Amino acid sequence: MDDKGSVGKISVSSDSVSTLNSEDFVLVSRLGDETPSSTNNGSDDEKTGLKVISQEGVSFKIVGNGSEQQLQKELEDVLMEPSLADARPAALVNAGDLALPPTTASPVAPDTDPLSGQPPKVEMVLPVQTAQESELNERSYRGGESSSDGSPGSPIPDDDSVVFSQLTYLGCASVNAPRSEGEALRMMSILRGQCQLPLDVTLSVPGVSEGTVRLLDPNNSTEIANYPIYKILFCVRGHDGTPESDCFAFTESHYNAEIFRIHVFRCQIQEAVSRILYSFATAFRRSAKKAAVACQQSAPLTPDSDLFIFTVSLEIKEDDGKGTFSAVAKDKDKQTFKLRAGMDKKIVIYIQQTSNKELAIERCFGLLLSPGKNVKNSDMHLLDLESMGKSSDGKSYIITGSWTPSTPQFQAVNEETPKDKFMYMTTAVDLVITEVEEPVRFLLETRVRVCSPNDRLFWPFSKRSHTETFYLKLRQMERKERKSPSSDTLYEVVSLESETERAKRKTTASPGILSGGVPSPPEDDEEEDNDEPLLSGSGDVSKECAEKILETWGDLLSKWHMNLCVRPRQLPTLVRSGIPEALRGEVWQLLSGCHNNDHQVEEYRTLITKESPQDSAITRDINRTFPAHDYFKDTGGDGQDSLYKICKAYSVYDEEIGYCQGQSFLAAVLLLHMPEEQAFSVLVKIMFDYGLRDLFKQNFEDLHCKFFQLERLMQECIPDLYNHFLNVGLEAHMYASQWFLTLFTAKFPLYMVFHIIDLLLCEGISVIFNVALALLKTSKDDLIQTDFEGALKFFRVPVPKRYRSEENAKKLMELACSMKISQKKLKKFEKEYNTIREQQEQQEAPIERYERENRRLQEANMRLEQENDDLAHELVSSKIALRKDLDNAEEKADALNKELLLTKQKLVDSEDEKRRLEEESAQLKEMCRRELDKSESEIKKNGSIIGEYKQICSQLSDRLEKQQAANRGELEKIRAKVEGCDKCSALFNKEGRVRVAATAAPPGGGEETDEEKEGLKNQLREMELELAQTKLQLVEAECKIQDLEHHLGLALNEVQAAKKTWFNRTLSSIKTVTGTQGKETT
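Calculation notes
Residues numbered from 1 in each chain as written. Predicted model: local features only at pLDDT ≥ 70, side-chain atom pairs only at ≥ 80, totals over all residues. Heavy atoms only, no water. Helix = DSSP H or I, 4+ residues; strand = E, 2+ residues; numbered from the N terminus. Contact = heavy atoms within 4.5 Å. Core = buried A, V, L, I, M, F, W, Y, C linked by side-chain atoms within 4.5 Å. Buried < 20%, exposed > 50% of the residue type's maximum accessible area, 1.4 Å probe, protein only. Phe/Tyr/Trp six-rings, centres within 6.5 Å; stacked < 30°, edge-to-face > 60°. Salt bridge = Lys/Arg side-chain N within 4 Å of Asp/Glu carboxyl O. Axes fitted to C-alpha atoms, helices over the stretch in contact; angles between N-to-C directions. Parallel < 35°, antiparallel > 145°, perpendicular 65-115°, else oblique. Nonpolar A, V, L, I, M, F, W, Y, C, P; charged D, E, K, R; others polar. Pairing = 2+ DSSP bridges. Left-handed = near helix turned anticlockwise from the far one by under 90°. pLDDT = per-residue confidence, 0-100.

**Student:** Which residues make up the overall build of the chain, and what values do they have?
**Tutor:** Of the regular secondary structure elements, the chain holds 32 helices and 23 strands. Relative to all contacts within the chain whose residues are 6 or more apart in sequence, the contacts with residues 24 or more apart total 72%.

**Student:** Kindly report on the nonpolar core, identifying the contributing residues and their values.
**Tutor:** Counting 108 residues, the largest nonpolar core has Y735, W739, M752, L775 and L776 as its most contacted members. By residue number, the principal contributor to this core is helix α22 (residues 750-763), which donates 11 residues. If sequence neighbours within four positions are ignored, L775 has contacts with W739, F744, F748, M752, V799, Y803 and L812. With 37 residues, the next largest nonpolar core counts F310, F337, L367 and F410 among its residues.

**Student:** Residues and numbers for the packing of aromatic side chains, please.
**Tutor:** In this structure the tally under the stated criterion is 29 aromatic pairs. Seen in terms of ring centroids, F626 and F632 are 6.0 Å apart; in terms of plane orientation they differ by 75°. Their pairing is edge-to-face. As far as burial versus exposure is concerned, F626 and F632 are alike and both buried. Taken together, a centroid distance of 5.9 Å and an interplanar angle of 85° make the contact between Y653 and F680 edge-to-face.

**Student:** So what about the pattern of salt bridges? Which residues, and what values?
**Tutor:** With the rule as written, the count across this model stands at 40 salt bridges. One connected set of salt bridges, linked through shared partners, spans E926, R929, R930 and D933.

**Student:** Outline the packing of helix α19 (residues 701-717) against helix α20 (residues 719-728), supporting the account with residue identities and numerical values.
**Tutor:** Here α19 crosses α20 at 125°, and the two axes come no closer than 5 Å. In terms of their interaxial angle, α19 and α20 are classed as oblique. Facing E711, M714, Q715, E716 and C717 of α19, the residues of α20 in contact are P719, L721, Y722 and F725. The residue makeup of the contact of α19 with α20, split by class, is 6 nonpolar, 1 polar and 2 charged.

**Student:** Explain the environment of A772 to me, and be specific about the residues and the numbers.
**Tutor:** Inspection of the secondary structure puts A772 in helix α23 (residues 767-778). Residue A772 is classed as buried on the basis of its relative accessible area, which comes to 0%. Sequence-wise, A772 and M714 are 58 residues apart; in three dimensions their C-alpha atoms are separated by 9.6 Å. Ignoring sequence-local partners within four residues, the contact set of A772 consists of L710, W739 and F744.

**Student:** I'd like a rundown of unusual backbone geometry, residues and numbers included.
**Tutor:** Positive phi is not limited to glycine here, since F626 has a value of about 50°. Mapped onto the secondary structure, F626 falls in the loop between α15 (615-622) and α16 (638-653). One non-glycine residue, F744, adopts positive backbone phi at about 65°. Within the secondary structure, F744 sits in the loop between α21 (737-742) and α22.

**Student:** I'd like a rundown of the pairing of strand β9 (residues 232-237), residues and numbers included.
**Tutor:** For β9, the tally of buried residues reaches 6 of 6 residues, placing the bulk of the element in the interior. Note: β9 against strand β10 (residues 247-253), 5 bridges, orientation antiparallel. Bridge assignment links F234 to a residue of β10, and that residue is T251.

**Student:** Give a description of the packing of α19 against α23 that names residues and reports values.
**Tutor:** Running from N to C, α19 and α23 cross one another at 45°; their axes reach a closest spacing of 11 Å. By the angle class used here, α19 and α23 are oblique. Classified by chirality, the crossing of α23 by α19 is right-handed. Residues K706, Q709, L710, L713, M714 and C717 of α19 form the contact with α23, whose participating residues are F769, A772, L773, L776 and K777. Among the residues forming the contact of α19 with α23, the class breakdown is 8 nonpolar, 1 polar and 2 charged.

**Student:** Account for the confidence of the model for the chain, naming residues and giving values.
**Tutor:** On average, residues of the chain carry a pLDDT of 75, and 74% of them reach 70 or more. Ignoring residues within four places in sequence, the model shows residues 18-157, a span with pLDDT below 50, making 287 contacts including any to other chains. For residues 286-305, every residue scores under 50 in pLDDT, and the model assigns this stretch 23 contacts once sequence neighbours within four places are set aside.

**Student:** Requested: an account of the sheet that holds strand β16 (residues 361-371), with residues and values cited.
**Tutor:** One open sheet accounts for 5 strands, arranged β14-β21-β20-β16-β17; its pairing is mixed. One side of each edge strand has no neighbouring strand; the edge strands of this open sheet are β14 (336-340) and β17 (381-382). Alignment of strand β20 (residues 423-433) against strand β21 (residues 440-451), held across 9 bridges, turns out to be antiparallel. By the bridge assignment for β21, T426 is matched with E445.

Put into structure tokens, the structure is as follows:
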């Protein structure tokens, strides 16, 4: 059967059952042997303890896993009012106490510490109800069933109830966290160990949600006590392998108050514990028939029904690492929560009734969460409920629960979501309303995106909760329809519908679809925002300016540069009218005192070379800064590169604050007017000297003070708008966070932004109040007509767009400058804020304050320990690195020493070689000197021979010329004589040759002439022979010179091979001299 299968399953994996509402239940699984409190809020586990009051009124404590002061404080918070305590039977003790028979409590002496000595024996008995009280409860819970047929203590049987026997009742005690498994198990362990007088009982568990759990006497079946199912909140069993494995317990809401009690039982048959938990789970279910009827009831109003409208807002908070939880940001479209993986979170639900008579919410029946959309009730997972109460104005209820994403059931919303993707998450809150018969569930579906845990998300920026409107239709019940005539329930639920469901239903019922047309795809459940906000960096600022204004500013700057320590008197007046765009960079530096900042420029150049721990957050925000401006819109461009450097440098420079979202907008404004080094200097001045960084310190304490001052200024200057914001629940931090933290640079047009920075640098950060009041005044008429969501949307979209016009921006700034906000008044408001804070701290219980301070110090200690561990790890790493470097250096030194020894040996060898070569060189020099001397002597000898030969040749030439001249003269004489003689002229022609026909000359004269010619010829041959011999001697001398030059070249080659530069120069000089002399000789 199904029941058997379910029992088997539960007995293996289920340890607890918690009620959600009348429709379904949740089985909380146990993973291995993990500590039960690991999934609960730690504060719940620290608040366990019992207080016992003896008959004489002396109290002593049984402290659980917490301090005595914590236990005392927590028990004081849950004590019942005296009027209720007086009305209880004598057998019962206060809700925070163990029930003790008057005769068993041992008194404690007034001067004795109850914890120092032996603790008294505590005997716990079942709180037995009187017959009248049992009958009254039965009539109240069963609604008209008569109990007069039986005896006053006789049970009224349920048709489908399951009865369990062989049980022992161990006792009851009050608890502060009724759904905390850890606290329930701890109380179970304490009661099991302290119980000395157990009571055998029989337990009757109903099978429907309208039934009652009964405790019966096993001997006569007399009813001892009863507990309606709808008041039972949580069931749990002991863990396997522990002494409590045969025990189970359930918690119940006591007397319709915020007091919860836990009842602990022990089973003699251990296997029956799983079956009992299954029976409770079945009782927590809502009957299917009744659920179907409730869902099918129609929307039209009947004459006897009423409509109640509720506004429910969801806010998600994350651990910011500073001991507090801050609201998460949203993406630009304002529709997706931006979560970080692995961070502990809190869910905060704000519930406000906006129409009809006010219904009182008695308690929160459960806070549930599940990944996905349109999830089943069985897929919802219960969160630990931390607190529930009314807001400060008493108009709304605030419910807070803790959420640990690391648990397996929330794994889907603890993994990083791909870029540009999102997922859905469903949150539900179950409420018990005093005058409504059954619990009411408000279901919220929202989109989320999970990013890296290293991303730093700045909470006031883009903060927005998800809000949904619900229409609860109730029908007033007749007296005879009520379960009990004395019951407080006046209404039953007809229907519950959200605004989104209404819109979808209207779309589905449109005429086009009813007539058979093709239906359009369903729209997203989130409210669509068609109005796009103004992009940051929008608007053009002209550098044109009237010549007269420029002359005025030029004269002022000339005087100012003469004495930079004193501002000119007319400066504030000119600044209120706006600094000319062409002069803004220079004037901003002068106003901020950065005219001489060489040291900071050098520091900036050093800072940009260091690593920033917030590099990923800076890189992510750069692309979202001034996307509408040409200088910053290009990814990886010069603008984004300079902006990245400034933000990175400041995050390293200011280690306490680091980089926060919003700083990039201010840095971008400065970059548009000056180089990045000067922009960084002005940014540092604004953060430190103008007090902007104080807004980020101490959990934004100074920022909250600024919000209080703004609201007080609104109360004085714009009281009607202030009252309207109070009525709709709109607080200053919801719309003014960006104004203070980014100095209006994030959303407003650049013309207005630049003018605000002008005033800020001239008059200080209090200018923000002037601009904020001016914005509120000019928008008052529109804001008064809006509700909560409308006002937030108006601040986000229409307000920035209204001042795109330069004329509108000028009017706004004129109005802001005309407002007089004295520093005295701001100081007064600051004192009021500090006084209120002090009063709140004084009203807060000392133990809670000390606990909070202790937690804060523990977290600071953990951070310091983590830093210490990091530094120790870094020190060890540095030592290891230094040891490694030292070893490497020693190895390198050894290698260098070996190389040095080899080099010294080579040097000795080289010196020996040098000595040998010097000796050879000396010998070669001597040889060359001898050869040179010999060559010089031969050259001189040849030179003298050549000189003599030249002299002889010259003499011979002269003799030859003279002889030829004499011969020519004689020939002329002979020719003249021959021509003068008739006979001779006949024998010789004009050329002096003998004619053929002529007769032979006389023998004697011809012979003389031939002999003379022969003599001349012989003499000429001798001279030619002598000349040939002289030439031969000259050729021989040249050959010897060539041989010497050849020997000299060989010597030079040997010297070059030995690479002796000094010897090379010597041989070169010898060669030069020899060559020169040879040429001269030639």
